[in-house]
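What follows is the residue order along each chain.
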Amino acid sequence: MSINEGFTCPACRKQLQTVRIRGIELEACTDGCGGIWFDAAELFRLDEPEEGEGDPVLDKLLALPRQGAAGPSGEKRLCIKCGAKMKNHEHREGSGIFIDECYVCGGIWLDGGELKAIRENPVVRQSNEERTRMARDFSQKVQDEKKRLEEAAKRPFRKPGR
Ligand SMILES: [Zn+2]
Ligand SMILES: [Zn+2]
């Protein structure tokens, strides 16, 4: 008979608090290690230095010291949402920042200080820019193809074989 007890920090076992930054609901270890839980795709809305700038909750989290050593943790943590074993892997090749990701639900756990490290990391920044450019190029290609098809459809229809 338990009421909603929320989530337990996968790093220090304290109770996680629900916080809101830029309208995104996150679970953060505000009373403990400063770690933050992101649901799938939420991290991309806060991984640039200017995103959420000046947000008091974010500022508080960013001010917390970096926990643990840089590099792979070697620790197997469980996803707070679905209980699967998370994978500790490098966030963007060459960044030197290792994060825990759940490959089942797409959630990401960042240790205390890692969000700040990600936001300030030049490799992450460059990789984000590349991704944005690729996405733009792709949507341009889709637009071009759509236009081409529309124009082809406008041309008078010629019956085959005449
Ligand atoms: Zn914690
Ligand atoms: Zn999960």
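To be clear, the structure that these remarks concern was listed above.
Residues numbered from 1 in each chain as written. Chains lettered and ligands numbered in written order. Predicted model: local features only at pLDDT ≥ 70, side-chain atom pairs only at ≥ 80, totals over all residues. Heavy atoms only, no water.

(A) A look at the overall build of the protein chain. What the protein chain contains, in helices and strands, is three helices and six strands. Starting at the N terminus and ending at the C terminus, the protein chain contains elements arranged as β-β-β-α-β-β-β-α-α. The C-alpha atoms of the protein chain give 22 Å as radius of gyration, which overshoots the globular expectation for 162 residues (15 Å, by more than 25%). Seen through its principal axes, the protein chain has C-alpha atoms that stretch 80 × 45 × 30 Å. (Helix = DSSP H or I, 4+ residues; strand = E, 2+ residues; numbered from the N terminus. Rg over C-alpha atoms; globule rule 2.2 N^0.38 Å.)

(B) Structural context of the environment of Glu90. Mapped onto the secondary structure, Glu90 falls in strand β4 (residues 87–90). For Glu90, a relative accessible area of 27% corresponds to the partly exposed category. Taking C-alpha positions, Glu90 is 7.5 Å from Pro72, a pair spaced 18 residues apart along the chain. Look past the residues within four positions of Glu90 in its chain and what remains in contact with it is Ser95, Gly96, Ile97 and Phe98. (Buried < 20%, exposed > 50% of the residue type's maximum accessible area, 1.4 Å probe, protein only. Contact = heavy atoms within 4.5 Å.)

(C) Geometry of the coordination of the zinc ion (ligand 1). The protein atoms that coordinate the zinc ion (ligand 1) are Cys9 (SG), Cys12 (SG), Cys29 (SG) and Cys33 (SG), at distances of 2.3 Å. Metal-centred angles of 99 to 121° between the four donor atoms at the zinc ion (ligand 1) mark the site as tetrahedral. Look at where the donors of the zinc ion (ligand 1) fall in the sequence and you get C-x2-C-x16-C-x3-C. Of this pair, Cys9 sits in the segment before β1 (17–21) while Cys33 sits in the loop between β2 (24–28) and β3 (36–38), and the two are 24 residues apart along the sequence. (Donors = N, O, S within 2.8 Å, 3.2 Å for Na, K, Ca; no water. Tetrahedral: all angles 85-135°; square planar, octahedral: opposite > 155°, others 65-115°.)

(D) Region of the structure containing the side chain of Asn121. Along the chain, Asn121 falls in the loop between α2 (114–120) and α3 (122–154). At a separation of 3.2 Å, a polar atom in the side chain of Asn121 contacts the main-chain amide nitrogen of Val124. Every residue in contact with Asn121, bar those within four places of it in the chain, is listed here: Ser95 and Ile97. (Polar contact = N/O pair within 3.5 Å; in protein donor to acceptor, adjacent residues only side chain to side chain.)

(E) Region of interest: the coordination of the zinc ion (ligand 2). The protein atoms donating to the zinc ion (ligand 2) are Cys79 (SG), Cys82 (SG), Cys102 (SG) and Cys105 (SG), with metal-donor distances spanning 2.3 Å. Considering all four donor atoms around the zinc ion (ligand 2), angles at the metal cover 101 to 127° and the coordination shape is tetrahedral. Motif for the zinc ion (ligand 2), donor spacing along one chain: C-x2-C-x19-C-x2-C. Of this pair, Cys82 sits in the loop between α1 (56–63) and β4 while Cys105 is found in the loop between β5 (98–101) and β6 (108–110), placing the two residues 23 residues apart along the sequence. The exposure class of Cys82 is partly exposed, given its relative accessible area of 37%.

(F) Inspection of the environment of Asp100 at higher detail. Structurally, Asp100 is set in strand β5. Relative accessible area serves as the criterion here: at 1%, Asp100 is assigned to the buried category. Along the chain, Asp100 and Lys154 lie 54 residues apart, while their C-alpha atoms are 52 Å from each other. Contacts of Asp100, omitting those with residues within four sequence positions, involve Ser73, Arg77, Met86, Lys87, Asn88, Gly107, Ile108 and Trp109. One polar contact links Asp100 to Arg77, side chain to side chain, over a distance of 2.9 Å.

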